[in-house]
Amino acid sequence: MLKAVILIGGLQKGTRFRPLSFEVPKPLFPVAGVPMLQHHIEACAKVPNMKEILLVGFYQPNEALSRFLSNAQQEFKIPIRYLQEYSALSTAGGIYHFRDQILSGGPVAFFIMNADVCSEFPLLEMLEFQKEHGNTHVILGTTANRKQSMNYGCIVENQDTNEVLHYVEKPSTFVSDIINCGIYLFTPEIFEHIGLIFQKNQQDLLLEEQMNGWQRAEVIRLEQDIFTALAGREKLYVYKTDRFWSQIKSAGSAIYASRLYLNQYHKTHPERLASNEEGRPTIRGNVYIHPTANIDPTAVLGPNVSIGTGVTIGAGVRIRESIILHGATLQDHSCVLNSIVGWDSTIGKWARVEGTPSDPNPNDPYAKIDSETLFREGKLTPSITILGCNVNIPSEVIILNAIVLPHKDLNRGFKNQIIL
Amino acid sequence: MKALILVGGYGTRLRPLTLSVPKPLVEFCNKPILLHQVEALVKAGVDHVILAVSYMSDLLEKEMKAQEQILGIKISLSHEKEPLGTGKSNAGLVFLSKLGIKISLSHEKEPLGTAGPLALARELLTDNSDPFFVLNSDVICDFPFEDMVKFHQHHGKQGTIVVTKVEEPSKYGVVVYEGESGRIHRFVEKPQVFVSNKINAGMYIFSPSVLHRIQLRPTSIEKEIFPVMAQEGHLYAMELQGFWMDIGQPKDFLTGMCMYLQSERQRSPERLRTGPGFLGNVLVDPTARIGQNCTLGPNVTIGAGVVLEDGVRIKRCTVLKGARVRSHSWLESCIIGWSCSVGQWVRMENVTVLGEDVIVNDELYLNGANVLPHKSIAESVPEPRIIM
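Criteria and cut-off values
- Residues numbered from 1 in each chain as written.
- Chains lettered and ligands numbered in written order.
- Predicted model: local features only at pLDDT ≥ 70, side-chain atom pairs only at ≥ 80, totals over all residues.
- Heavy atoms only, no water.
- Salt bridge = Lys/Arg side-chain N within 4 Å of Asp/Glu carboxyl O.
- Helix = DSSP H or I, 4+ residues; strand = E, 2+ residues; numbered from the N terminus.
- Contact = heavy atoms within 4.5 Å.
- Buried area = accessible area lost by both parts, 1.4 Å probe.
- Polar contact = N/O pair within 3.5 Å; in protein donor to acceptor, adjacent residues only side chain to side chain.
- Pairing = 2+ DSSP bridges.
- Patch = residues over 30% accessible without salt bridge, like charges linked within 9 Å, V, L, I, M, F, W, Y side chains within 5 Å.
- Areas by Shrake-Rupley, 256 points an atom, 1.4 Å probe, with all protein chains shown as cover.
- Buried < 20%, exposed > 50% of the residue type's maximum accessible area, 1.4 Å probe, protein only.
- Domains from an automatic or database assignment.
- Nonpolar A, V, L, I, M, F, W, Y, C, P; charged D, E, K, R; others polar.
- Phe/Tyr/Trp six-rings, centres within 6.5 Å; stacked < 30°, edge-to-face > 60°.
- Lys NZ or Arg CZ within 6 Å of the ring centre and 35° of its normal.

S.K.: Looking at this structure, how should I read the pattern of salt bridges?
M.R.: Opposite charge on two side chains makes pairing possible when the charged atoms of those side chains draw close. Overall, the coordinates contain 33 salt bridges over all chains when judged by the stated rule. We note a salt bridge from K235(A) to E189(A), for which the minimum N-O separation is 3.2 Å. Of the two residues, K235(A) sits in the loop between helix 9 (222-230) and strand 12 (236-240) while E189(A) sits in the loop between strand 11 (178-186) and helix 7 (190-208), which places them 46 residues apart along the sequence. D142(B) is the partner of R267(B) in a salt bridge, and the nearest nitrogen-oxygen pair spans 2.8 Å.

S.K.: Honestly, the interface of chain B and chain A in this entry has me stumped. Any pointers?
M.R.: By a widespread convention, an interface's size corresponds to the accessible area lost as its parts come together. With 19 residues of chain B in contact, the opposing surface of chain A contributes 18 residues. When chain B packs against chain A, close to 1,400 Å² is buried across both sides, 47% of that on carbon and sulfur atoms. Ranking the residues of chain B by area buried against chain A places W345(B), R347(B) and E363(B) at the top, with a combined share of 47%. The residue R320(A) makes a salt bridge to E363(B) at a minimum N-O spacing of 2.3 Å. At the junction of chain B with chain A, the criterion picks out 14 residue pairs in polar contact (both at pLDDT 80 or more).

S.K.: Got a minute to help me understand the pairing of strand 10 (residues 164-169) of chain A in this structure?
M.R.: Residues in a regular strand project their side chains so that they alternate between the two faces of the sheet. All names here are of chain A. With 5 bridges joining them, strand 9 (residues 153-157) and strand 10 adopt antiparallel strand pairing. Bridge pairing links E157 to V164 in strand 10. Where strand 9 folds back onto strand 10 in an antiparallel hairpin, the turn is made up of 6 residues, including N162, whose phi is positive at roughly 65 degrees.

S.K.: Would you explain a nonpolar patch on the surface in this entry?
M.R.: Residues and elements named next belong to chain A. Taken together, the side chains of L374, F375, I418 and L420 present a nonpolar region at the surface, about 410 Å² in accessible area. Looking at the secondary structure, you find L374 in the loop between strand 26 (352-354) and strand 27 (375-376). A relative accessible area of 43% means that L374 is categorised as partly exposed.

S.K.: What am I meant to see in the domain arrangement of chain B here?
M.R.: All names here are of chain B. Domain annotation of chain B identifies domain 1 (2-82 + 92-246) and domain 2 (264-386). Counting from both sides, the interface comprises 11 residues of domain 1 and, opposite them, 20 residues of domain 2. For the pair domain 1 and domain 2, the summed buried surface comes to about 1,200 Å²; carbon and sulfur atoms form 61% of the total. Ranking the residues of domain 1 by area buried against domain 2 places P16, L17 and N30 at the top, with a combined share of 45%. Seen at the junction of domain 1 and domain 2, the total is 1 salt bridge. Tallied by class, the residues present in the side of domain 1 that touches domain 2 amount to 6 nonpolar, 2 polar and 3 charged.

S.K.: Mind showing me how you'd approach the sheet that holds strand 33 (residues 414-415) of chain A here?
M.R.: Whenever strands of a sheet pair, they do so through backbone hydrogen bonds, lying parallel or antiparallel. All names here are of chain A. With parallel pairing, 7 strands are arranged side by side in an open sheet as 14-17-20-23-26-31-33. Strands with a single pairing partner mark the edges of an open sheet, and in this sheet they are strand 14 (282-283) and strand 33. Note that strand 14 and strand 17 (residues 300-301) share 2 bridges and pair parallel. Bridge pairing links T282 to V300 in strand 17.

S.K.: It is not clear to me how the packing of aromatic side chains should be interpreted in this structure. Could you clarify?
M.R.: What characterises a pair of aromatic rings is the spacing of the ring centres plus the angle enclosed by the ring planes. Taken as a whole and judged by the stated rule, the model has 22 aromatic pairs over all chains. For the pair F110(A) and F191(A), a centre-to-centre distance of 5.5 Å together with 15 degrees between the ring planes defines the contact as stacked. Placement of the pair is F110(A) in strand 6 (residues 109-114) and F191(A) in helix 7, with a sequence separation of 81 residues. Here the two residues F110(A) and F191(A) agree in accessibility, since each one is buried. Centroid distance F206(B) to F226(B): 6.2 Å. Interplanar angle 50 degrees. Geometry classified as tilted. With F206(B) in strand 13 (residues 198-206) and F226(B) in helix 7 (residues 221-231), this residue pair connects regions lying 20 residues apart in the sequence. Taken individually, F206(B) and F226(B) each receive the classification buried, so the pair is uniform in this respect. An aromatic cluster of at least three residues, connected via ring pairs, comprises F110(A), Y167(A), Y184(A), F186(A), F191(A) and F227(A). Geometry around F174(A) places R146(A) over its ring, the cationic atom sitting 3.7 Å from the centre.

Below, the structure written as structure tokens:
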């Protein structure tokens, strides 16, 4: 039997997802109409012999997470449990801490996935690949362009055997254009390697005289501590995919990830895509509309638009490349482009809410979305406009390349600013 | 009586509009600028208007011919003697307008400044002893031509300048004059300390004898002629009542439009549109078509044959003849040129000016864009710039 572990992080991680992460844990943020995590869970539930899904992270227990878990269990008919770390133990520390839970029942192998990636999840192919390569550990890789590869974990591959010869996390010089997708397939043997590192850490820290040394020893990073050690020892193999894959670090990448998943719905969930019908709004490209949304037939939506529950959209509204979260209201003639409109926000008549997309170069098949810094040369980098929860935009103003924190009532337009 | 209108320059400040149409023919509140002035002059008893033009005169002449139907004018050619003896005719054409007046073009071979045109038109201006008007073609106000005649005849000297009060006089040249009589003492350019808040409004009335002071060469009337006249006690100031604006550049064109529409609200309110969807002062040509759920105003002028689709919001704009604004767009402080097409969900603001026949694609944002004629705009312009 098989298991899957999804690393969901905690509040201290994922600060690049603010202000959206103020309201909801990042793994629950809706991408293409459903929580980010649900795409992982759907993919796992499709794998035969998948017996259990474990979520490992350090979020305090919260209502949103619990509700999501119970709904998901019902819908996908598979046990899903949340294992809360007592502190941030990093990518290997968490699973090592819970190794007994992961290994209970005797799985022959288990997947580890980062919650903040968007992927087609070729899990069956990875299982097949693992069998062909002597049941070793598998890491999912994809190709990036030379310049961008250095923002990720880089994998040097033996082209004949697919063995990982060398692994470096975010090198400062070019190493390889094959990057780590944050999705792995391990056998239980991995815990021996992690255990060795754990003991080594303990010994090092004893020498250092730290008070909480025993705690810090448990902080183990898969990438820097485990993969670099396993490389070149015929233990770690890379399965390369050319299917879609993207990180979801910033709010802008949520819109890009939405586009990728919405496109996938043609194959996997065509019922989630809206279509053009008499008396309904005009739909262009891929659009997700929750059934409880109330949309005027003269509105024009898409491409790449997700509309959440209970959203109200007035006459003559135009939305493109945006995510409209639950309960928001867009009044007549307003225009929303490249933006995320927060829960219960209101956009006044004729207002224009616009951001700048940070999409990868469409001419480069290996280009990935840029993880731009918030500021460049002292100025705010033009990016997706984000309205936090319960933000009110008055009529007829323009909000351009701005980030508005929750519960703000604006009285004028803003450009290229963060509004606290 | 006669009037000389200094059309002169290249109209560069009102580009891109003046790249298609000579400035005097650009419609201000749905009527060519020139016609605002000429109609008021006619009411004051002027029967002959001379237009002093420089390099644009061929185009103006062609436009005047094309406008023949619209202005209701007849053209007859009359060659006049060339004062500099080069053998070429200079004052080209004489127009007979339906107003029953003559309009002549006086063509400067080289720009003659602000006084030279008077010398060029000397023959025409001195054929009787009546005073004559001189106007800057960019001026819009409640024209006080009848009052000017009375005032001028009352003091009996050679020249009267109309002055107007402004809030920031040190941006201009101010006029210092005696309050009671109006006799001008001196002019001060851009004064550092407060001297006076009255500036030259660009409208004068002169006795023909003033032409003895002016030679046919590039001359500035303000710098060379007026100071001497003031010293000799021959120059008087008449204060203008009501609004005044130099509409020679787009920002001021729009401000002047607001002032003019407000004055129309007082004088002929029936010309303005009221009712649901119309806020403040809105002037709409009867041939314009306005869609559902539009909100226009305050301070909007819509030209002939303009089409506004559903859900359009326009504030403080001039939309020139034949333009189309597609649905749900939002415009504030813009000038939309003739035959332009503005797409759906477009936002334009901050003195964006579209030249003739510009196409703006759907969903764009234009902030202070100055767009030359016949351009297609496919990308937003988030910060003010010129699009060639």
